[in-house]
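# Structural overview
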Amino acid sequence: MEKLEELKKKLHEGIVEFTYIKKDGTERKAKGTLKLETIEKLGGKLPTGQINPPSWTTRYFDVEKEEWRSFLNISLK
């Protein structure tokens, strides 16, 4: 889980490239962020209100698709 915590920290600092395994077993190379200023610059909608994704997932803003995505924490490669 150290790798996951490190990724979350980096996502809050800027844009990060990472890979995870999708539910169908294929790899997904992602380029994402959780830095609000970056999301705003890209025209993304910022989360409003209380959003609590399930604890077994990690949510991020995909800078290439310009939308919110998530992955299962155990699937981080």
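Our structure is the block above this text.
The numbers attached to residues start from 1 for each chain and follow its sequence in the written order. Totals for whole chains, interfaces and linings use all residues, but because this is a predicted model, local features are given only for residues with pLDDT of at least 70 and pairs of side-chain atoms are given and counted only at 80 or more. Excluded from the side-chain calculations are hydrogens and water; all other atoms, namely the structure's heavy atoms, are used.

## Some points on the layout of surface pockets
A cavity, in this analysis, means grid points on a 1 Å lattice covering only the protein atoms where a 1.4 Å probe fits yet has no way out; a pocket is instead an open set bounded by protein on both sides within 12 Å along at least five of seven lines, and a residue lines either one if it has an atom within 4 Å of a point. Grid points are joined across faces, edges and corners, and a volume is the space filled by probe spheres set on the points. Here the largest pocket defines a volume of roughly 250 Å³. Around the largest pocket, the lining is made up of 12 residues, and of these His12, Leu34, Pro53, Arg59 and Trp68 lie nearest the centre. For the purposes of this entry, the term helix denotes a DSSP run of H or I that reaches at least four residues, the term strand denotes a run of E that reaches at least two, and both are numbered from the N terminus. Element by element, the count of residues in the lining of the largest pocket is highest for strand E3 (residues 57-62), at three residues. When residues are grouped by polarity, Ala, Val, Leu, Ile, Met, Phe, Trp, Tyr, Cys and Pro land in nonpolar, Asp, Glu, Lys and Arg in charged, and all others, Gly among them, in polar. The residue makeup of the lining of the largest pocket, split by class, is seven nonpolar, three polar and two charged.

## Brief notes about the packing of aromatic side chains
Under the pairing criterion, centres of Phe, Tyr and Trp rings, with the six-membered ring standing for Trp, must be within 6.5 Å; the plane angle then separates stacked pairs below 30 degrees from edge-to-face pairs above 60, leaving the rest tilted. For the coordinates displayed, the defined rule picks out seven aromatic pairs. Geometrically, the ring pair formed by Tyr20 and Tyr60 is edge-to-face, given 6.3 Å between the ring centres and 70 degrees between the ring planes. Remark: Tyr60 occurs in strand E3 and Tyr20 occurs in strand E1 (residues 16-21); sequence separation between them is 40 residues. In terms of burial, Tyr20 and Tyr60 fall into one category: buried. Counting every residue linked through ring pairs, the aromatic cluster contains Phe18, Tyr20, Tyr60 and Phe71. Geometrically, a charge over a ring is one whose NZ (Lys) or CZ (Arg) sits within 6 Å of the ring centre while staying within 35 degrees of the ring normal. Between Arg59 and the ring centre of Trp68, over which it is positioned, the NZ or CZ distance is 4.7 Å. Burial classes: relative accessible area under 20% of the type maximum marks a residue as buried, over 50% as exposed, and values in between as partly exposed (1.4 Å probe, protein chains only).

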